[in-house]
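# Coordinate analysis (summary)
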Amino acid sequence: MVLSEIEKLLEKYDLGETSLSEEQQLKAYFSQGNVPAHLESYKVMFQYFDTTKEEMYIKAISIEPAGSKQKKSRIYQWISIAAVAVLMLGILIPNMMGDQPARTLAGLSQEERETYDKTKEALSMLSSNFNDAASSVGSLSLVSTNFNKGAEQVMHVKEFSKTTNRLVKKKQTPKNKN
């Protein structure tokens, strides 16, 4: 078969538009020994198809008794019923308790106010410490940036030094020869 015909068939094959007879032609072509280098991947693919076609599934399949499937399905049914019940309770209880007025700071007892104030102080201290740590991280970032800029400048100085040394060596070389 002519190479151009094979390439046209491969284009159709890649698009999924080949007939069974055209696929048989491709399989026959790629089963022969001489295949151009740019079509080697197709040869491997068609060889794979031929070898896997002959494979057989030999693992034993166990058949469960009919009662075990029923037990599993009943367990899942009870789990789904319990999940629906929990959801319903989660929706109904807050709605039934929603008639209570919201508590304000003025309505708290002395002990509850003290607890509230201590909690507020602790959270305020935590927030300020967190903000201090965040600013420290920011200053570390600034130091890192400045360090990187300095490293760049050192590289420029090294490059300048290398170039200068080359020029000085070239100028000294003729003087030493005289």
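Keep in mind that what you see is a predicted model, and the values were worked out from it rather than measured.

Bringing the overall build of the protein into the picture now. For the protein, the count of helices and strands is five helices and zero strands. When the 178 residues of the protein are sorted by exposure, 8% land in the buried category. In the protein, the proportion of contacts linking residues at least 24 apart, taken out of those at least 6 apart, comes to 35%. A total accessible area of about 16000 Å² is found for the protein, and carbon and sulfur atoms account for 61% of it.

A few words on the pattern of salt bridges. Going through the model one piece at a time under the given rule, you end up with one salt bridge. Salt-bridge contacts for E22 lead to K12; the nearest nitrogen and oxygen are separated by 2.8 Å. Pair noted here: E22 is in helix 2 (residues 20-31) and K12 is in helix 1 (residues 3-15), with a separation of ten residues, a long-range link. Under the relative-accessibility criterion, E22 is labelled buried at 17%. Take K12: its relative accessible area is 31%, and that puts it in the partly exposed class.

Let us look at the packing of helix 2 against helix 3 (residues 40-53). Between helix 2 and helix 3, whose axes approach to 9 Å, the crossing angle comes to 110°. Classified by the interaxial angle, the pair formed by helix 2 and helix 3 is roughly perpendicular. Of the residues in helix 3, those touching helix 2 at L26, K27 and F30 are Y42, K43, F46 and D50. The class makeup of the residues in the contact of helix 2 with helix 3 is four nonpolar, no polar and three charged.

Glancing now at the confidence of the model for the protein. Looking at the protein as a whole, its pLDDT mean stands at 80, while 87% of the residues score no less than 70. The secondary structure element of the protein with the lowest average pLDDT is helix 5 (residues 110-177), at 79, and the one with the highest is helix 1, at 87.

Our focus in this paragraph is the side chain of T18. Tracing the backbone shows T18 in the loop between helix 1 and helix 2. Among the polar contacts listed, one links the side chain of T18 to the side chain of E23, at a separation of 3.0 Å.

Listed in full, the eleven residues of the largest apolar core are I6, L9, L10, Y13, L26, Y29, F30, V35, L39, Y42 and F46. In this view, Y42 contacts L10, D14 and F30; residues no more than four positions away in its chain are not counted.

Between its first and last C-alpha, helix 1 extends 19 Å over 13 residues, near the 18 Å set by a 1.5 Å rise per residue. Every buried residue of helix 1 is accounted for by I6, L9, L10 and Y13. Down the axis of helix 1, the buried set is contained in an arc of 105°. They therefore lie on one face. Projecting away from the buried face of helix 1 at angles above 90 degrees are the exposed residues K8, E11 and L15. On its buried face, helix 1 sits against helix 2 and helix 3. Positive phi appears at G16, one or two residues downstream of helix 1, with a value of about 75°.

What counts, and at which threshold
Residues numbered from 1 in each chain as written. Predicted model: local features only at pLDDT ≥ 70, side-chain atom pairs only at ≥ 80, totals over all residues. Heavy atoms only, no water. Helix = DSSP H or I, 4+ residues; strand = E, 2+ residues; numbered from the N terminus. Buried < 20%, exposed > 50% of the residue type's maximum accessible area, 1.4 Å probe, protein only. Contact = heavy atoms within 4.5 Å. Areas by Shrake-Rupley, 256 points an atom, 1.4 Å probe, with all protein chains shown as cover. Salt bridge = Lys/Arg side-chain N within 4 Å of Asp/Glu carboxyl O. Axes fitted to C-alpha atoms, helices over the stretch in contact; angles between N-to-C directions. Parallel < 35°, antiparallel > 145°, perpendicular 65-115°, else oblique. Nonpolar A, V, L, I, M, F, W, Y, C, P; charged D, E, K, R; others polar. pLDDT = per-residue confidence, 0-100. Polar contact = N/O pair within 3.5 Å; in protein donor to acceptor, adjacent residues only side chain to side chain. Core = buried A, V, L, I, M, F, W, Y, C linked by side-chain atoms within 4.5 Å. Expected span 1.5 Å × (residues − 1). Arc of directions from axis to C-beta.

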